[in-house]
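# Examination of the molecular architecture
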Amino acid sequence: MAEKDPQLSQRQLAKETGLDITTINRLFTNNFSRVDVGTVEVLCNYFTREVGDLFEMRNPEDIPQRKSRKRSNSEVEAA
């Protein structure tokens, strides 16, 4: 998401979309294991993009490891 608009802050996005700041932070930092379909719909509408424009599949070895989360065989990362 930050790649789409580098000037857009997480707080501003939360305010403009009504999404929780914690949800947005997890998406910005790629620290999530799933995304609610309602959240995806709000983001697609806000950015006027399709789902595939916002998210991309990456191999687990290409994603920096996080300390507190287990990895699955396939991960989705916010673009």
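Residue positions within a chain follow its written sequence, with the count starting from 1. Local features in this predicted model are restricted to residues of pLDDT 70 or higher, and side-chain atom pairs are both shown and tallied only at a pLDDT of 80 or more, whereas totals for entire chains, interfaces and linings draw on every residue. As a convention, hydrogens and water are excluded, and side-chain values are obtained from all of the structure's heavy atoms.

With an unreviewed UniProt entry as reference, the protein chain is termed Helix-turn-helix transcriptional regulator, source organism Nostoc flagelliforme FACHB-838.

## What to know about the nonpolar core
Across soluble globular proteins, nonpolar side chains show a tendency to be buried alongside one another. Within this scheme, the nonpolar core is defined by two criteria: the residues are buried Ala, Val, Leu, Ile, Met, Phe, Trp, Tyr or Cys, and they are joined through side-chain atoms within 4.5 Å. Exposed residues in this analysis have more than 50% of their type's maximum accessible area, buried residues have under 20%, and partly exposed residues fall in between, with area computed by a 1.4 Å probe over protein chains only. Ranked by internal contacts, the top residues of the largest apolar core, which has 13 residues, are L13, I24, L27, L43, F47, L54 and F55. The numbering of helices and of strands both runs from the N terminus, where a helix is a DSSP run of H or I of at least 4 residues and a strand a run of E of at least 2. If you list the elements that add at least two residues to this core, you get α1 (10-17), α2 (21-28) and α3 (37-47). Among the elements that take part in this core, α3 stands out by supplying four residues, more than any other.

## Remarks on the packing of aromatic side chains
The relative placement of two aromatic rings is captured by the distance of their centres and the angle of their planes. Any two rings among Phe, Tyr and Trp, with Trp reduced to its six-membered ring, count as a pair given centres within 6.5 Å; such a pair is stacked if its planes are under 30 degrees apart, edge-to-face if over 60, and tilted if neither. Counted according to the given criterion, the structure contains two aromatic pairs. Aromatic side chains F32 and F55 sit 6.3 Å apart centroid to centroid with 75 degrees between the ring planes, which places their arrangement in the edge-to-face category. Note that F32 is positioned in the loop between α2 and α3 and F55 in strand β1 (residues 55-58), a separation of 23 residues in sequence. For F55, a relative accessible area of 13% corresponds to the buried category. Aromatic side chains Y46 and F47 sit 4.9 Å apart centroid to centroid with 90 degrees between the ring planes, which places their arrangement in the edge-to-face category.

## Points about the packing of α1 against α2
Only C-alpha atoms enter the line fits that serve as axes; for helices the fit covers just the stretch in contact. Angles between N-to-C directions range over 0 to 180 degrees. Between α1 and α2, whose axes approach to 9 Å, the crossing angle comes to 130 degrees. In terms of orientation, α1 and α2 fall into the oblique class. As for the relative orientation of α1 and α2, their crossing is right-handed in sense. In this structure, α1 uses Q10, R11, L13, A14 and T17 to contact α2, whose residues at the interface are I21, I24, N25 and F28. Each residue gets one label: Ala, Val, Leu, Ile, Met, Phe, Trp, Tyr, Cys and Pro are nonpolar, Asp, Glu, Lys and Arg are charged, and the others, such as Gly, are polar. Here the contact of α1 with α2 is built from residues that sort into five nonpolar, three polar and one charged. Geometric relationships in this document are graded by angle, where less than 35 degrees denotes roughly parallel, more than 145 denotes roughly antiparallel, 65 to 115 denotes roughly perpendicular, and other angles denote oblique. In a left-handed crossing the near helix is turned counterclockwise from the far helix by less than a right angle, and in a right-handed crossing that turn is clockwise. In what follows, a contact means two residues having at least one pair of non-hydrogen atoms within 4.5 Å.

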